[in-house]
Amino acid sequence: MTALDDLPIREDLRGRSPYGAPQLDVPVRLNTNENSYPVPEAVVEAIGKAVTAELRDLNRYPDRDALALRADLAGYLGHGLTVEGVWAANGSNEIQQQLLQAFGGPGRSALGFAPAYSMHPLLALGTGTRWVPARRGVDFGLTADEAVAQVREHRPDVVFLCSPNNPTGTALDPAVIAAVLAVAPGMVVVDEAYVEFARPGTVSALAVLPGHPRLVVTRTMSKAFGFAGGRLGYLAADPAVVAAVQLVRLPYHLSALTQAAARAALAHRDALLGTVAAIMRQRDRIVSELRRRRLRVADSDANFVLYEVGGDQSVAWRAMLAHGVLVRDVGLPGWLRVTAGTPAETDAFLTAIDRIEREGPVAPQSPRMKGTP
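The text that follows walks through the structure, step by step, so that each part is easy to find. Since we're looking at a predicted model, the values are computed, not measured.

## Points about the overall build of the protein chain
Okay, so step 1: If you tally the helices and strands in the protein chain, you get 12 helices and 13 strands.
Okay, so step 2: Scaling as 2.2 N^0.38, a compact globule of 373 residues should have a C-alpha radius of gyration of about 21 Å, and the protein chain matches this with 21 Å.
Okay, so step 3: Judged by the C-alpha coordinates and their principal axes, the protein chain covers about 60 × 55 × 55 Å.
Okay, so step 4: Here the protein chain, with 373 residues, has 50% of them falling under the buried criterion.
Okay, so step 5: Distance between charge centres in the protein chain, computed from 38 positive and 38 negative side chains, equals 1 Å.

Here it is as structure tokens:
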């Protein structure tokens, strides 16, 4: 078998690993920020009917511009948005890739404030965009002054802001977004993948869109909607931004089945989003219970919690795995991230925390990869 390094691969890709969390067959999986609640049966039936209706015409290409889906997304977002200011793709990752293809690329740079979503620098790499790793402040916070100073220093063509931030979980003060918009020479992308889980009073960047043609807000249906397997992400922006990404999108990039399933899900959004409050309660429970155990925990507006383990996070990760609970090692020394799921999953997570505290770590078994026989 030919080794990867034996192929004429780009030099900047040599030695790198693909993005991805471990997919292991364990009792409790809390590592990828999925919605733990299954799709309600009534919604399953509606999606099934919508997809079935498309099957006879699979010999034809889908609506290239997904106009009906974009109109539905605009209706969901509100804020006066119309189809012209919304774009959709296969997950918010593809949306952000298209933005970098249009506004980044060779000779241009993108900046993000670490620790943040680890796909952003990989998307920059894949599009030939130089990545600038900016810094967060104390307790992973980001003030307007800190953000502005670093944007002024590096003058990137694209700035990524995450609100709520992954992996830390906390939403941005709107003043930070406004301050960055005032000094950024290029595009400002606010990644709002987890915004539906934000605590009351949190202001979406959608409120700032009017009058800011270089602002883009990206979102996903993977988290709050429980539509991760459907792969649907979208953006809201000035119509000129939508026109720009259409220059780089692949032809017919969204299948007819994806569009039909997403539209059916949006039509039943009340049922799908009905789990959000329950997940938020488990998130807040995790935060309070970990703090009661005297662990440092980052404030969270997302469906996950970042907590300090008091030592080597890789050892703590393996200890949790040995107790049947899969959490996420995001590469942040001394910290792990856990997804908020069902009450039973929270029980299992906290029980594992307590057992490790009492008994110490034990050697994990070798769990099977998810999906293997």
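So much for the structure itself; the text now carries on.
## Quick notes on the environment of A348
Okay, so step 1: Of note, A348 is situated in helix α12 (residues 343-359).
Okay, so step 2: Assessed through its relative accessible area of 24%, A348 is described here as partly exposed.
Okay, so step 3: A sequence separation of 320 residues divides A348 from V28, and the C-alpha atoms of the two residues are 7.5 Å apart.

## Points about helix α3 (residues 91-103)
Okay, so step 1: The end-to-end C-alpha distance of α3 is 19 Å, a good match for the 18 Å that 13 residues give at a rise of 1.5 Å each.
Okay, so step 2: Those residues of α3 lying buried are G91, S92, E94, I95, Q96, Q98, L99, L100 and F103.
Okay, so step 3: Positioned one or two residues after α3, G105 has a phi angle of 100°, which is positive.

## Digging into the environment of T342
Okay, so step 1: For T342, the position within the fold is in the loop between β12 (335-339) and α12.
Okay, so step 2: Leaving out residues up to four positions away in the same chain, T342 has contacts with S36, Y37 and Q282.

## Here's the deal with the pairing of strand β9 (residues 233-237)
Okay, so step 1: Of all five residues in β9, five are buried; the element is thus mostly enclosed.
Okay, so step 2: Burial along β9 is two-sided: G233, L235 and A237 and Y234 and A236, pointing in opposite directions, are all buried.
Okay, so step 3: In this sheet, β9 lies alongside strand β3 (residues 86-89) in antiparallel orientation, the contact comprising four bridges. Residue pairing across strands places V86 opposite A236, the latter belonging to β9.
Okay, so step 4: Summarising the sheet, strand β8 (residues 215-220) and β9 pair through five bridges and their orientation is antiparallel. Directly across from T220, in β9, lies its bridge partner G233.

## Some thoughts on the pairing of strand β6 (residues 158-162)
Okay, so step 1: Burial analysis of β6 places five of its five residues in the buried class, the great majority of the element.
Okay, so step 2: Residues V158, F160 and C162 line one face of β6 and the alternating positions V159 and L161 line the opposite face, and both faces are buried.
Okay, so step 3: Across three bridges, the pairing between strand β4 (residues 109-114) and β6 is parallel. Looking at the pairing, L111 lines up with V159 of β6.

## Side note on the pattern of salt bridges
Okay, so step 1: Per the counting criterion, the structure on display carries 17 salt bridges.
Okay, so step 2: A salt bridge links D284 to R283, with the nearest nitrogen and oxygen atoms 3.0 Å apart.
Okay, so step 3: E289 is the salt-bridge partner of R293, the closest N and O atoms lying 2.6 Å from each other.
Okay, so step 4: A single network of salt bridges, built from pairs that share partners, joins E289, R292, R293 and D354.

## Some points on the sheet that holds β4
Okay, so step 1: Reading across from one edge, β3-β9-β8-β7-β6-β4-β5 is the order of the seven strands in this open sheet, with mixed pairing throughout. Of all the strands in the sheet, just β3 and β5 (130-135) have a single pairing partner and so form its edges. Averaged over all neighbouring strand pairs, the angle between strand axes comes to 25°, with direction disregarded.
Okay, so step 2: Contacts from helix α4 (residues 119-126) reach β5, β6 and β7 (187-191) within the one sheet, and its direction differs from that of β5 by about 160°.
Okay, so step 3: In the packing of helix α5 (residues 144-154) onto the sheet, contacts are made with β4, β5 and β6, and the angle to β4 comes to roughly 155°.

## A word on helix α1 (residues 41-55)
Okay, so step 1: Across its 15 residues, α1 extends 21 Å between first and last C-alpha, which sits within 8% of the 21 Å expected from 1.5 Å per residue.
Okay, so step 2: Residues of α1 that are buried: V43, A46, I47 and A50. Taken end-on, α1 shows its buried residues confined to a sector of 95°, consistent with a single buried face. The outward face of α1, more than 90 degrees from its buried face, is lined by the exposed residues E41, K49 and T52.
Okay, so step 3: The elements touched by buried residues of α1 are α8 (256-267) and α9 (269-272).

The rules behind these values
In this convention, every chain numbers its residues from 1, walking through the sequence in written order. Local features are withheld for residues below a pLDDT of 70 in this predicted model, meaning they are given only at 70 or higher, and side-chain atom pairs are given and counted only at 80 or more; totals for whole chains, interfaces and linings count all residues. Side-chain metrics in this entry use all non-hydrogen atoms of the structure; hydrogen atoms and water are not considered. Secondary structure elements are taken from DSSP: a helix is a run of H or I of four residues or more, a strand is a run of E of two residues or more, and numbering for both begins at the N terminus. For the radius of gyration, the atom set is restricted to C-alpha positions; the globular benchmark scales as 2.2 Å times the number of residues to the power 0.38. Working definition: with a 1.4 Å probe on protein chains only, accessible area under 20% of the residue-type maximum means buried, over 50% means exposed, and in between means partly exposed. Charged-residue counts in this description rest on Lys and Arg as positive and Asp and Glu as negative, His and the chain ends being excluded. Note that the charge is assigned to NZ on lysines, CZ on arginines, CG on aspartates and CD on glutamates. To estimate how far a helix should reach, multiply one less than its number of residues by 1.5 Å. In this description, contact between two residues means that some pair of their heavy atoms is separated by no more than 4.5 Å. Think of it this way: DSSP has to see at least two bridges between two strands before they count as a pair. Criterion for a salt bridge: a side-chain nitrogen of Lys or Arg within 4 Å of a carboxyl oxygen of Asp or Glu. Fitted lines through C-alpha atoms serve as axes, helices being fitted only where they are in contact, and the angles separating the N-to-C directions of these axes extend from 0 to 180 degrees. Picture the helix axis, draw a direction to every C-beta atom, and the arc is the one those directions span.

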